[in-house]
Amino acid sequence: VERYPAFVELVKRQLRDQYPEEALTNEGLRIFTTLEPRAQEALELRLLADLPELEKARKLPAGTLEASGVITSVEGGEVQAVVGGRSIRYAGFNRALDSRRSIGSLSKPFVYLAALMQPERYNLATVLPDEPINLKLSKGNVWSPANYDKKLHGSMPLYVALAQSYNLPTVRLGLDVGVDKVQQAFAGAGFANVPALPSIFLGAVDMAPLDVAQVYNTLAASGYQTPLSAIREVLTKEGQPLKRYPFKVKQTLPEAPVFLTTWAMHKVLEFGTARSAYSVIPASTRLAGKTGTTDDLRDSWFAGYSADRVAVIWVGRDDYKPTGLSGATDALPVWSRLMRDLKVRGL
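A look at unusual backbone geometry
Step number 1: One non-glycine residue, Lys150, adopts positive backbone phi at about 60°.
Step number 2: Here Lys150 is to be found in the loop between β7 (142-143) and β8 (156-157).
Step number 3: Its identity is not glycine, yet Asp296 carries a phi of approximately 60°, on the positive side.
Step number 4: Mapped onto the elements, Asp296 comes out in the loop between β13 (288-293) and β14 (299-305).

Looking at the packing of aromatic side chains
Step number 1: The tally for this structure, following the rule as stated, stands at five aromatic pairs.
Step number 2: Centroid distance Tyr159 to Phe271: 6.3 Å. Interplanar angle 80°. Geometry classified as edge-to-face. Here Tyr159 is found in helix α5 (residues 158-163), whereas its partner Phe271 is found in the loop between α9 (255-270) and β13, with 112 residues between them in sequence.
Step number 3: According to the relative accessible area criterion, Phe271 is partly exposed, its value standing at 29%.
Step number 4: Judged by centre distance (4.5 Å) and plane angle (55°), the rings of Phe302 and Trp335 are tilted.

So, the packing of helix α4 (residues 108-116) against α9
Step number 1: It is the contact of α4 with α9, at a shortest axis distance of 9 Å, that shows an interaxial angle of 140°. With respect to α9, the element α4 is oriented oblique. Between α4 and α9 lies a crossing whose hand is right-handed. Contacts between α4 and α9 involve Pro109, Leu113 and Leu116 from the first element and Pro257, Val258, Leu260, Thr261 and Met265 from the second.
Step number 2: Grouping the constituent residues of the contact of α4 with α9 by class yields seven nonpolar, one polar and no charged.

Topic: the pattern of salt bridges
Step number 1: This structure, assessed with the given rule, holds 22 salt bridges.
Step number 2: Residue Arg13 pairs with Glu9 through a salt bridge whose shortest N-O separation is 2.7 Å. In this pair, Arg13 and Glu9 are both assigned in helix α1 (residues 5-18), four residues apart and thus about one turn of the helix distant.
Step number 3: By relative accessible area, Arg13 is classed as partly exposed at 24%.
Step number 4: What makes Glu9 partly exposed here is its relative accessible area of 26%.

Considering the sheet that holds strand β2 (residues 66-73)
Step number 1: Taken in spatial order, the five strands make up an open sheet running β3-β2-β15-β14-β13, and their pairing is antiparallel. Looking at strand neighbours, the two that pair on one side only are β3 (79-83) and β13, the edges of this open sheet. Strand-to-strand twist in this sheet, taken as the mean axis angle between neighbours without regard to direction, amounts to 5°.

Side note on α1
Step number 1: Here α1 contains 14 residues, and its C-alpha end-to-end distance of 20 Å stays within 8% of the 20 Å for a straight helix at 1.5 Å per residue.
Step number 2: For α1, the complete set of buried residues consists of Pro5, Ala6, Phe7, Leu10, Val11, Gln14, Leu15 and Gln18.
Step number 3: In this structure, the buried side of α1 is in contact with β1 (30-33), α2 (37-57), β3, α3 (95-98), α8 (209-220) and β11 (231-235).

Some thoughts on the nonpolar core
Step number 1: One finds Val79, Phe110, Leu173, Val212, Tyr216 and Leu219 to be the most contacted residues of the largest nonpolar core, which totals 75 residues.
Step number 2: In this view, Phe110 contacts Val182, Ala185, Phe186, Ala189, Val215, Tyr216 and Leu219; residues no more than four positions away in its chain are not counted.
Step number 3: Ala274, Ala277, Ile281 and Val344 belong to the second-largest nonpolar core, a separate cluster that totals 33 residues.

So, the pairing of β2
Step number 1: Across the eight residues that make up β2, a large majority, eight, are buried.
Step number 2: Residues of β2 alternate between two faces, with Glu66, Ser68, Val70 and Thr72 on one and Ala67, Gly69, Ile71 and Ser73 on the opposite face, all of them buried.
Step number 3: Judged from the eight bridges that link them, β2 and strand β15 (residues 309-316) form a sheet pairing that is antiparallel. Bridge pairing in β15 links Gly69 to Ile313.
Step number 4: In this structure, β2 lies alongside β3, joined through four bridges in antiparallel fashion. Note on β3: the bridge partner recorded for Val70 is Val82.

Rules behind the numbers
Residues numbered from 1 in each chain as written. Predicted model: local features only at pLDDT ≥ 70, side-chain atom pairs only at ≥ 80, totals over all residues. Heavy atoms only, no water. Helix = DSSP H or I, 4+ residues; strand = E, 2+ residues; numbered from the N terminus. Phe/Tyr/Trp six-rings, centres within 6.5 Å; stacked < 30°, edge-to-face > 60°. Buried < 20%, exposed > 50% of the residue type's maximum accessible area, 1.4 Å probe, protein only. Axes fitted to C-alpha atoms, helices over the stretch in contact; angles between N-to-C directions. Parallel < 35°, antiparallel > 145°, perpendicular 65-115°, else oblique. Left-handed = near helix turned anticlockwise from the far one by under 90°. Contact = heavy atoms within 4.5 Å. Nonpolar A, V, L, I, M, F, W, Y, C, P; charged D, E, K, R; others polar. Salt bridge = Lys/Arg side-chain N within 4 Å of Asp/Glu carboxyl O. Pairing = 2+ DSSP bridges. Expected span 1.5 Å × (residues − 1). Core = buried A, V, L, I, M, F, W, Y, C linked by side-chain atoms within 4.5 Å.

Here's what the structure looks like:
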């Protein structure tokens, strides 16, 4: 049994993607990875310790819930840890790489980022209305989104709407900015596969945890996109580095709007949907992140970052049945304890 099968699976895939096939047939290759054993062990420990607790709290039979997680370094986009499911020592279905699930409110920062990329129209204090909306879709369907708590909260500044993850102001803002601009913000962060539908404002985007780590890594790195990599280098048996397909870090999102989005995502933890994080993490550690919950409480997500690390946690069921889980009550506590265990540096 391999010790870190989910991480090794990513290394194998990236070897195929990043190096010419004929080069990999050389014997005696030495592969240096970006695995950080301390981060990997911390992630494994959290999922093993916390899933049974969540099941107990939700009165679910033991073994009902699955989870996966990814940790990357902000600097250089190095993948430090990958867990693909709760059977951490067995190479089975790797949820961190292959389970594409609806991301829920993890998509909202990209709606707000797209708005803040138009500083002549929007800033953090721009007032957004929280009012009902009925949107006519094709085939005569009507989309009538509601807030998670089914209430209306009056008008509020843009950053409060993001911190509290209110759906109605987010949809209004998204419609005002345009679906294409939100798609561009996602693409700039490193994920181009976003459908051209208004429902993307509330997370009708299917992504694997590794994809989420990529887009949040770009935000954490001030708009510089580095393709996430699990391989540091490959040496031949003579000690020569093997040539890989080149990839470079490039600034794909403007720094100032990303800075403002991160500021608003800190408010998510300070007083918004993720405020419980600071009952676990010292309040002096500035972090930014976002809760994600999908329809019928099927998926629970939290993605966020410190100055040095990005971490993404997903909790849900393989059979897509509702779990009663939300990002704030289920993925967030796992993430918060993980960041505490890693003693991350504040922003």
